[in-house]
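Listed below are the residues making up each chain.
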Amino acid sequence: MKLKIYSFKNVKSTNDTALRFIKKNILNGVITSETQKKGRGQYGRNWISNKGNLFMSIFFPIKNKIEPKRISKINLKIIKNIFLKKIKIGTKVKYPNDILIKNKKVCGILQEIIYNKSNKILIIGIGINIINSPKINEYETTYLKKYYKKKIKLFNLVKIIKSAFEKNQSYYV
């Protein structure tokens, strides 16, 4: 399945925008935004959306019997492999939804499952610190540019992530 990219300047959150698309019966795609007003993280936490970082949500139908824990492992593996192969940065996974560099959070993934008529839709919100990282009291954060000296083009990274999820959709269906 090919995923169409929908790009925005500013949204409340990319996951909320994906939800609006699903309600309009658009059941798959990629939402990107330069900024988010109210990005969401795990357990209802706020995702701090510093401009210049990556904010995106991927959504598509999934089979009914796949377990959320398995979905989480698949999503983390896809992003970790992109970091290793394309950006050449070693990472560590911190379950249930974080990717770390040198024990500092660089990426968070928020998964939501939505039912639309007879369809079960997975929304995967992905936030990656590219050029800066927020200051958070509970844990240390970092950003990719600190470890990767080449320019990281956001839209190219979005296309790489989109392609990886398209290639791995058989794990979800």
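Whatever comes next refers back to the structure up there.
Structural notes, computed from the coordinates. (Residues numbered from 1 in each chain as written. Predicted model: local features only at pLDDT ≥ 70, side-chain atom pairs only at ≥ 80, totals over all residues. Heavy atoms only, no water.)

Looking only at helices and strands, one finds three helices and nine strands in the protein chain. Ordered by position in the sequence, the α and β elements of the protein chain form the string β-α-β-β-β-β-α-β-β-β-β-α. For the protein chain, whose C-alpha radius of gyration is 15 Å, the value lies close to the compact-globule estimate of 16 Å for 173 residues. For the C-alpha atoms alone, the extent of the protein chain along its principal axes is close to 45 × 30 × 30 Å. In the protein chain, which comprises 173 residues, the share counted as buried stands at 51%. Long-range contacts, defined as pairs at least 24 residues apart, comprise 66% of the intrachain contacts of the protein chain with a sequence gap of at least 6. Within the structure as shown, the protein chain displays about 9600 Å² of accessible surface, and the carbon and sulfur contribution to it stands at 52%. Each charge sign in the protein chain was given a centre, from 39 positive and 8 negative side chains, and these centres are 7 Å apart. (Helix = DSSP H or I, 4+ residues; strand = E, 2+ residues; numbered from the N terminus. Rg over C-alpha atoms; globule rule 2.2 N^0.38 Å. Buried < 20%, exposed > 50% of the residue type's maximum accessible area, 1.4 Å probe, protein only. Contact = heavy atoms within 4.5 Å. Areas by Shrake-Rupley, 256 points an atom, 1.4 Å probe, with all protein chains shown as cover. Lys, Arg positive; Asp, Glu negative; His and termini not counted. Charge placed at Lys NZ, Arg CZ, Asp CG, Glu CD.)

The next subject is the nonpolar core. Within the largest apolar cluster, 37 residues are counted, with the highest numbers of intra-cluster contacts made by I79, I126, I128, L144, I161, F165 and Y172. Where this core is concerned, the elements lending two or more residues are β5 (54-61), α2 (68-87), β7 (98-101), β8 (104-116), β9 (119-128) and α3 (154-167). In terms of residue count, the dominant contributor to this core is α2 (eight residues). If sequence neighbours within four positions are ignored, I126 has contacts with L54, F55, M56, I58, I79, C107, G108, I109, I161 and F165. Counting residues in hydrophobic clusters, the runner-up holds 10 residues, among them Y6, A18, L27 and F59. (Core = buried A, V, L, I, M, F, W, Y, C linked by side-chain atoms within 4.5 Å.)

Moving on: α2. The end-to-end C-alpha distance of α2, which contains 20 residues, comes to 28 Å, matching closely the 28 Å that a straight helix rising 1.5 Å per residue would cover. On its buried face, α2 sits against β6 (92-94), β7, β8, β9 and α3. Directly after α2, the chain includes K88, whose backbone phi takes a positive value near 60°. (Expected span 1.5 Å × (residues − 1).)

Bringing a positive patch on the surface into the picture now. A grouping of K77, K85, K86, K88, K150 and K167 is seen on the molecular surface, where their side chains present a positively charged patch. Ranked by residues supplied to the positive patch, first place goes to α2 with three residues. With respect to the secondary-structure elements, K77 resides in helix α2. (Patch = residues over 30% accessible without salt bridge, like charges linked within 9 Å, V, L, I, M, F, W, Y side chains within 5 Å. Salt bridge = Lys/Arg side-chain N within 4 Å of Asp/Glu carboxyl O.)

This next bit is on the pairing of β7. Residues D98 and L100 line one face of β7 and the alternating positions I99 and I101 line the opposite face, and both faces are buried. The pairing of β6 with β7 spans three bridges and is classified as antiparallel. Along β7, the bridge assignment pairs V93 with I99. In textbook terms, the turn of a hairpin is the stretch between consecutive antiparallel strands, and for β6 and β7 this stretch comprises three residues. In terms of strand pairing, β7 meets β8 through four bridges, oriented antiparallel. (Pairing = 2+ DSSP bridges.)

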